[in-house]
Amino acid sequence: MANFKLTIEYNGENFSGSQSQTGKRTVQEELEKALNIYFHNTLGEMISSNFSSRTDAGVHAIGQVLNFKLSDEIYKDHLDLILAKPDKFLIGLNGILAKDIAVVKIEAVDEAFNARFSAQGREYMYKIFTRKHRPVLRLDSLIWVKESLDYGAMQAHAAKFIGTHNFSAYYRQEKYLKNPICTVTRSELIQESSICFIYHIKADSFLSHMVRRIVGELSEIGKLAAQGKDTSLIEPKFDGELYSYKVAKASGLTLVKVYY
């Protein structure tokens, strides 16, 4: 079997997440449908894929990774084309895909490679636009905060998430949680402009809604500090305390990169 690694990007606004779900439009469903059209479902063999991670409805990606396998014998002509002219394959597949999803890279990988289980870490970013009056552009890839935010206080609090911690308080509580321990190696707020902040976080694993809950906490810290309140003694909730802040919207979150 030939194994291929695909890097894709998508605007998650009109997707019900990345993972296939019955009766809903998902990134995996669209991608697999396009792959099967491209390869003409040779001999009825359906192509399936493994995604590196799940993203929620409304979440975007510029570095999502998946892998799919092809039979050496059945797809020999296609394999030769992909290996010799990968850009031609990408152009052809993108011509089938909807406008809100695109493949940007294809690589031949070892047969044992699995986009999910071979991953060593992932990185996300979250965009926050802060201004009294509502923005018009890029509303599908950021959140708008009316109140002033104190950048210094938010950056200081963001640094507290670095390390190995129990993130159960930042998990989507209605779902079963197997392991709440994650190791965060980057947690940094960057001030892109006076009214735009970008939060970057990299970890070996993430819990459902974890980044959105962290951003919700950071936003509250920024609001309180901007009002003149001392937030330096507020600590992240690593002791099992229930999460008490508003969960940030999915629209500001983007999967940036998967590390192998």
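Residues numbered from 1 in each chain as written. Predicted model: local features only at pLDDT ≥ 70, side-chain atom pairs only at ≥ 80, totals over all residues. Heavy atoms only, no water.

Caption draft 1: Representation of the layout of surface pockets in the model. Of the voids in this model, the largest pocket is the one considered here, and its volume is about 1300 Å³. Taken together, 42 residues make up the lining of the largest pocket; nearest its centre are R54, R116, F206, L207 and S208. Contributions of two or more residues to the lining of the largest pocket are made by β2 (49-51), β5 (121-130), β8 (181-193) and α5 (210-226). A per-class count over the lining of the largest pocket returns 16 nonpolar, 16 polar and 10 charged. The volume enclosed by the second largest pocket comes to roughly 420 Å³. Contributing elements (two or more residues each) for the lining of the second largest pocket: β6 (143-145) and α5. Here the lining of the second largest pocket takes five residues from α5, the largest share from any one element. (1 Å grid on protein atoms, 1.4 Å probe; cavity = no way out; pocket = protein on both sides within 12 Å on 5 of 7 lines; lining within 4 Å. Points joined across faces, edges and corners; volume = space filled by probe spheres on them. Helix = DSSP H or I, 4+ residues; strand = E, 2+ residues; numbered from the N terminus. Nonpolar A, V, L, I, M, F, W, Y, C, P; charged D, E, K, R; others polar.)

Caption draft 2: Spotlight on the packing of aromatic side chains. Taken as a whole and assessed by the stated rule, the structure comprises 16 aromatic pairs. On the basis of an interplanar angle of 75° and a centroid distance of 6.2 Å, the ring pair of Y10 and F15 is categorised as edge-to-face. Look at Y10 and you get buried, because its relative accessible area is 5%. Where F161 meets F167, the ring centres are 6.4 Å apart and the plane angle is 20°; that geometry is what we call stacked. Of the two residues, F161 and F167, neither departs from the other in class, the shared state being buried. Joined through ring pairs, the aromatic side chains of F161, F167, Y170, F238, Y243 and Y245 make up one cluster. (Phe/Tyr/Trp six-rings, centres within 6.5 Å; stacked < 30°, edge-to-face > 60°. Buried < 20%, exposed > 50% of the residue type's maximum accessible area, 1.4 Å probe, protein only.)

Caption draft 3: Representation of the environment of K178 within the structure. Position of K178 among the secondary structure elements: in the loop between β7 (163-166) and β8. C-alpha separation for the pair K178 and T7, spaced 171 residues apart in sequence, amounts to 28 Å.

Caption draft 4: Main features of the confidence of the model for the protein chain. Of all residues in the protein chain, 97% have pLDDT values of 70 or greater, and the mean over the chain is 91. Ranking the elements of the protein chain by mean pLDDT puts helix α2 (residues 76-84) last with 83 and strand β10 (residues 253-259) first with 97. (pLDDT = per-residue confidence, 0-100.)

Caption draft 5: Spatial organisation of a negative patch on the surface. On the surface, D72, E73, D110 and E111 cluster together into a negatively charged patch. Positionally, E73 belongs in the loop between β3 (60-70) and α2. Take E73: its relative accessible area is 74%, and that puts it in the exposed class. (Patch = residues over 30% accessible without salt bridge, like charges linked within 9 Å, V, L, I, M, F, W, Y side chains within 5 Å. Areas by Shrake-Rupley, 256 points an atom, 1.4 Å probe, with all protein chains shown as cover. Salt bridge = Lys/Arg side-chain N within 4 Å of Asp/Glu carboxyl O. Lys, Arg positive; Asp, Glu negative; His and termini not counted. Charge placed at Lys NZ, Arg CZ, Asp CG, Glu CD.)

Caption draft 6: Structural context of the environment of F51. Residue placement: F51 occurs in strand β2. Look at F51 and you get buried, because its relative accessible area is 6%. The sequence separation of F51 and Y126 amounts to 75 residues, and the corresponding C-alpha distance is 21 Å. Apart from residues no more than four positions distant in its own chain, F51 is found in contact with I8, S18, V27, Q28, Q64, V65, L66, A115 and R116. (Contact = heavy atoms within 4.5 Å.)

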